[in-house]
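Each chain, written out:
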Amino acid sequence: MKAVGIVGYKKSGKTTLTAKLADALEARGRTVAIAKFTHHGLDKDGTDTATFAAPNRTVIGLGPDETAIFWGGKRYLIDLLPLAQADILLVEGGKDLTWLPRILCLKSASEAEELDRGLALATYGDVAAPYLKSFREDTMDKLAQLVEERAFMLPGLDCGACTAATCEGIAKSIVKGKGTIRDCKSVNTDGFSVTVNGAPIGLNPFVERIIRSSITGMLSELKGYAPGEVVITLKN
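Let us look at the structure shown here. What you see is a predicted model; the values in this text were computed from it and never measured.

What follows concerns the overall build of the protein. Scanning the protein for helices and strands turns up 7 helices and 11 strands. Every one of the 236 residues in the protein was classed for burial, and the buried ones make up 41%. At a minimum sequence separation of 6, the contacts of the protein that also span at least 24 residues come to 55%. In the structure as shown, the protein presents an accessible area of about 13300 Å², 51% of it carried by carbon and sulfur atoms.

Our focus in this paragraph is the pattern of salt bridges. Taken as a whole and judged by the stated rule, the model has 9 salt bridges. One salt bridge in this structure joins K20 and E137, with 3.2 Å as the shortest N-O distance. Taken together, the residues K20 in helix α1 (residues 14-27) and E137 in the loop between β9 (133-135) and α5 (140-150) connect sequence positions 117 residues apart. Using a relative accessible area of 51% as the deciding quantity, one classes E137 as exposed. Of the charged contacts, one joins E168 and R117 as a salt bridge, the two residues approaching to 3.5 Å between their closest N and O atoms. Of this pair, E168 sits in helix α6 (residues 167-175) while R117 sits in the loop between α4 (112-116) and β8 (120-124), and the two are 51 residues apart along the sequence. On the basis of relative accessibility, which here comes to 16%, the residue E168 falls in the buried class. The exposure class of R117 is partly exposed, given its relative accessible area of 33%. Put simply, R28, R30, D141 and E148 are held in one network by salt bridges that share partners.

Below, the discussion takes up a nonpolar patch on the surface. Taken together, L222, Y225, V230 and I232 make up a surface patch of nonpolar side chains, about 360 Å² in accessible area. Secondary-structure assignment places V230 in the segment after α7 (205-219).

Covered by surrounding structure in strand β7 (residues 102-105) are R102 and L104 together with I103 and C105, the residues of both alternating faces. The pairing of strand β1 (residues 2-8) with β7 spans 4 bridges and is parallel. Within β7, the residue paired with G8 across the bridge is C105. With 4 bridges connecting them, β7 and β8 associate as parallel partners. Within β8, the residue paired with L104 across the bridge is T123.

Before going further, it helps to examine the environment of I215. Position of I215 relative to the elements: it lies in helix α7. Along the backbone, I215 and V230 are 15 residues apart, and their C-alpha atoms lie at a distance of 9.8 Å. Apart from the residues lying within four places of it in its own chain, the contact partners of I215 are F192 and I232.

A few words on unusual backbone geometry. Even without a glycine there, the phi angle at R117 is positive, about 55°. Residue D158 is not a glycine yet carries a positive backbone phi of 50°. Topologically, D158 is positioned in the loop between α5 and α6.

Across the interface, α1 lies against α5 with an axial gap of 9 Å and an inter-helix angle of 75°. In terms of orientation, α1 lies roughly perpendicular with respect to α5. Of the residues in α5, those in contact with L17, K20, L21, A24 and L25 of α1 are M140, L143, A144, V147 and E148. Residue composition of the contact of α1 with α5, grouped by class: 8 nonpolar, no polar and 2 charged.

What follows concerns α1. Taking 1.5 Å of rise per residue, 14 residues should cover 20 Å, and α1 covers 20 Å from first to last C-alpha, within 8% of that figure. Looking only at α1, the buried set comprises K14, T15, L17, T18, A19, L21, A22, A24 and L25.

Let's shift gears to the nonpolar core. Counting 52 residues, the largest nonpolar core has L17, L21, L90, W99, I103, L143 and L154 as its most contacted members. The element contributing the most residues to this core is α1, with 6 residues. In this view, L90 contacts V4, T18, L21, A22, L25, V32, A33, I34 and A35; residues no more than four positions away in its chain are not counted. Among the nonpolar cores identified, the runner-up in size contains 8 residues, and V7, L115, A129 and L132 belong to it.

The rules behind these values
- Residues numbered from 1 in each chain as written.
- Predicted model: local features only at pLDDT ≥ 70, side-chain atom pairs only at ≥ 80, totals over all residues.
- Heavy atoms only, no water.
- Helix = DSSP H or I, 4+ residues; strand = E, 2+ residues; numbered from the N terminus.
- Buried < 20%, exposed > 50% of the residue type's maximum accessible area, 1.4 Å probe, protein only.
- Contact = heavy atoms within 4.5 Å.
- Areas by Shrake-Rupley, 256 points an atom, 1.4 Å probe, with all protein chains shown as cover.
- Salt bridge = Lys/Arg side-chain N within 4 Å of Asp/Glu carboxyl O.
- Patch = residues over 30% accessible without salt bridge, like charges linked within 9 Å, V, L, I, M, F, W, Y side chains within 5 Å.
- Pairing = 2+ DSSP bridges.
- Axes fitted to C-alpha atoms, helices over the stretch in contact; angles between N-to-C directions.
- Parallel < 35°, antiparallel > 145°, perpendicular 65-115°, else oblique.
- Nonpolar A, V, L, I, M, F, W, Y, C, P; charged D, E, K, R; others polar.
- Expected span 1.5 Å × (residues − 1).
- Core = buried A, V, L, I, M, F, W, Y, C linked by side-chain atoms within 4.5 Å.

Structural data, given as structure tokens:
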């Protein structure tokens, strides 16, 4: 799954852009999931969450005290993603998420530097930043194409196994065109990976070694085991 954030201050057009971009991506044959951050609790019928709802679309609402898929208590987006099977995840809000790129919705050009954090791919709306690509409603399909080409998602572990100390460092490098998702050692381990519903699970090198060694140790006691590719299927 690829992902991109839609970031801006209140009443900057984030919800409008998220809905229109989802429609544009789906028109291009992509499946879309949407995650919405809110400081006012989850939206109910007739509000933003209902606006995003459409057939075959996953909508995740994240608030300070509850989260949809309606578990009580706060949960974190990275933990919910195995449930959101889609080609592209659009995240409305979440200015502190530094493991995915973002599109800025600005009310004034002076907001760009604070919202950018080296993660911005473009701006959307009437207000632009001179150093970023700018899109409006009449160029929505081109923005959808940009998202298809350049969206990405890191595991958010900040494990330090990469050349950068944090996922934010890797993300900034990818946005600048100086790195790729392959630079992340947590999702590109050597010969070992775990996926849930097709989505890779980030493993820092220490955890990866523990799981690999445990599985190899148990399998080595079984008749018929030999070194080579091992496939284990588990369905809950």
